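What follows is the residue order along each chain.
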Amino acid sequence: GQNIDQPTEMTATEGAIVQINCTYQTSGFNGLFWYQQHAGEAPTFLSYNVLDGLEEKGRFSSFLSRSKGYSYLLLKELQMKDSASYLCAVDMDTGRRALTFGSGTRLQVQP
Amino acid sequence: DTGVSQDPRHKITKRGQNVTFRCDPISEHNRLYWYRQTLGQGPEFLTYFQNEAQLEKSRLLSDRFSAERPKGSFSTLEIQRTEQGDSAMYLCASSPLAGGPHEQFFGPGTRLTVL
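The rules behind these values
Residues numbered from 1 in each chain as written. Chains lettered and ligands numbered in written order. Predicted model: local features only at pLDDT ≥ 70, side-chain atom pairs only at ≥ 80, totals over all residues. Heavy atoms only, no water. Helix = DSSP H or I, 4+ residues; strand = E, 2+ residues; numbered from the N terminus. Buried < 20%, exposed > 50% of the residue type's maximum accessible area, 1.4 Å probe, protein only. Contact = heavy atoms within 4.5 Å. pLDDT = per-residue confidence, 0-100. Phe/Tyr/Trp six-rings, centres within 6.5 Å; stacked < 30°, edge-to-face > 60°. Lys NZ or Arg CZ within 6 Å of the ring centre and 35° of its normal. Core = buried A, V, L, I, M, F, W, Y, C linked by side-chain atoms within 4.5 Å. Pairing = 2+ DSSP bridges. Axes fitted to C-alpha atoms, helices over the stretch in contact; angles between N-to-C directions. Salt bridge = Lys/Arg side-chain N within 4 Å of Asp/Glu carboxyl O. Disulfide = S-S within 2.5 Å.

Quick look at the environment of Val-4 of chain B now. Residue and element names in this part refer to chain B. Within the element layout of this structure, Val-4 appears in the segment before strand E1 (5-7). Given the relative accessible area of 10%, Val-4 is considered buried. Put simply, Val-4 and Arg-69 are 65 residues apart on the chain and 15 Å apart in space, counted from C-alpha to C-alpha. The contacts of Val-4, once residues within four sequence positions are left out, are Cys-23, Asp-24, Pro-25, Ile-26, Cys-92, Ser-94, Phe-105, Phe-106, Gly-107 and Pro-108.

Spelled out as structure tokens, the structure:
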């Protein structure tokens, strides 16, 4: 079967750095996405990795190791508005490109 | 607003009733997806359209579910004889067909409550 695992919950302090890990075992791999989802809202795109290494975009960075089936999302200079769920998703199929999501990591940023 | 829109945003219905949801994707996007999301879980893929053709349906999509995209623009998702287990957020997403991998743009979702 397909497995995408993330921690259920994390807590961090405003201004700090937090790393959210994601491990995956899937039948195919065409890239890994990170989405942010605030409660009651739609997921919004954060990052995409298809090659090994680090992709940086402002305060957010995402890392991928395909050989280890591992990714992380790094959030720097945390702000209260970063409190949300962070979804790791794998594109397993070059054809339809539907995403297979993990259950999400609920991040609580505290003052 | 040029994003993905969905209607209605909320639907409360009684068990056994039929419901229909609408999704309007970003206008130049050929690909359209329906997902279902329950509390505390990530979205689960339901079905996929490329233009007007429904190319894939998940096993999650029982016979009570049907989706259409008649002109390759908006899409509808109908649930017949709703059950309490159908209560969830139904998300629509779209992406362009051409070019390299693209992120999917999600609509705000329709939250269904079956009483």
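Anyway, onward from the coordinates.
Here we come to the confidence of the model for chain B. Residue-level pLDDT values for chain B average 91, and 95% of them are 70 or greater. The lowest-confidence element of chain B is strand E6 (residues 53-57) of chain B, averaging 88 in pLDDT; the highest-confidence one is strand E3 (residues 19-24) of chain B, averaging 98.

Taken as a whole and assessed by the stated rule, the structure comprises 17 aromatic pairs over all chains. Aromatic pair Phe-33 of chain A and Phe-45 of chain A: ring centres 6.1 Å apart, planes at 65°, arrangement edge-to-face. One end of the pair, Phe-33 of chain A, is in strand E4 (residues 32-37); the other, Phe-45 of chain A, is in strand E5 (residues 44-49), and 12 residues separate them in sequence. Consider the rings of Phe-63 of chain A and Tyr-72 of chain A, whose centres lie 5.0 Å apart with planes at 20°: the pair is stacked. The ring of Phe-74 of chain B carries the charged tip of Arg-22 of chain B above its face, separated from the ring centre by 3.9 Å.

A separate point is the nonpolar core. Counting residues in hydrophobic clusters, the biggest one holds 21 residues, and the most contacted among them are Leu-32, Trp-34, Leu-75, Leu-78, Tyr-86 and Leu-107 of chain A. Where this core is concerned, the elements lending two or more residues are strand E3 (18-25), E4, strand E7 (60-65), strand E8 (70-75), strand E9 (84-91) and strand E11 (105-110) of chain A. Setting aside anything within four residues of it in sequence, one finds Leu-32 of chain A in contact with Cys-22, Tyr-24, Ser-47, Tyr-48, Asn-49, Leu-64, Ser-71, Cys-88, Ala-89 and Val-90 of chain A. Ile-26, Leu-32, Trp-34 and Phe-49 of chain B belong to the second-largest nonpolar core, a separate cluster that totals 19 residues.

A word on the sheet that holds strand E8 (residues 75-79) of chain B. Residues and elements named next belong to chain B. Ordered by their spatial adjacency, 4 strands build an open sheet running E1-E3-E8-E7, and the pairing between neighbours is antiparallel. Only two strands of the sheet have a single partner each, and these edge strands are E1 and strand E7 (65-68). Across the sheet, the mean angle separating the axes of adjacent strands is 15° when strand polarity is ignored.

With that out of the way, let us pick up the pattern of salt bridges. Counted under the stated rule, the structure contains 7 salt bridges over all chains. In this structure, Arg-59 of chain A engages Asp-82 of chain A in a salt bridge whose closest nitrogen and oxygen atoms are separated by 2.8 Å. Of the two residues, Arg-59 of chain A is situated in the loop between strand E6 (53-57) and E7 and Asp-82 of chain A in the loop between E8 and E9; the sequence distance between them amounts to 23 residues. The exposure class assigned to Asp-82 of chain A is buried, which follows from its relative accessible area of 2%. Among the ionic pairs, Asp-86 of chain B bridges to Arg-64 of chain B, the shortest N-O distance being 2.8 Å. On the criterion of sequence distance, the pair formed by Asp-86 of chain B in the loop between E8 and strand E9 (88-95) and Arg-64 of chain B in the loop between E6 and E7 is long-range, its members being 22 residues apart. Classification of Asp-86 of chain B by relative accessible area gives buried; the value is 3%. One continuous salt-bridge network, built from bridges that share partners, spans Arg-64, Glu-83 and Asp-86 of chain B.

The subject of this paragraph is the pairing of E8 of chain A. Across the 6 residues of E8 of chain A, 5 count as buried, placing the element largely inside the fold. From the end of E7 of chain A to the start of E8 of chain A, which pair antiparallel, there are 4 residues, and Gly-69 of chain A there has a positive phi angle of about 60°.

Moving on, we come to the state of the cysteines. Counted according to the given criterion, the structure contains 2 disulfides over all chains. At a sulfur-sulfur separation of 2.0 Å, the disulfide partner of Cys-22 of chain A is Cys-88 of chain A. The S-S bond linking Cys-22 of chain A to Cys-88 of chain A shows a torsion near -70°; that makes this disulfide left-handed. Highlighted residues: Cys-22 of chain A in strand E3 and Cys-88 of chain A in strand E9, separated in sequence by 66 residues. Comparing Cys-22 of chain A with Cys-88 of chain A shows no difference in burial state: the two are buried. A sulfur-sulfur distance of 1.9 Å marks the disulfide that ties Cys-23 of chain B to Cys-92 of chain B. On the sign convention where negative means left-handed, the S-S torsion of about -65° between Cys-23 of chain B and Cys-92 of chain B marks this disulfide as left-handed. Residue Cys-23 of chain B is located in strand E3, and its partner Cys-92 of chain B is located in strand E9; the two are separated by 69 residues in the primary sequence. No difference in accessibility class separates Cys-23 of chain B from Cys-92 of chain B, as the two residues are buried.

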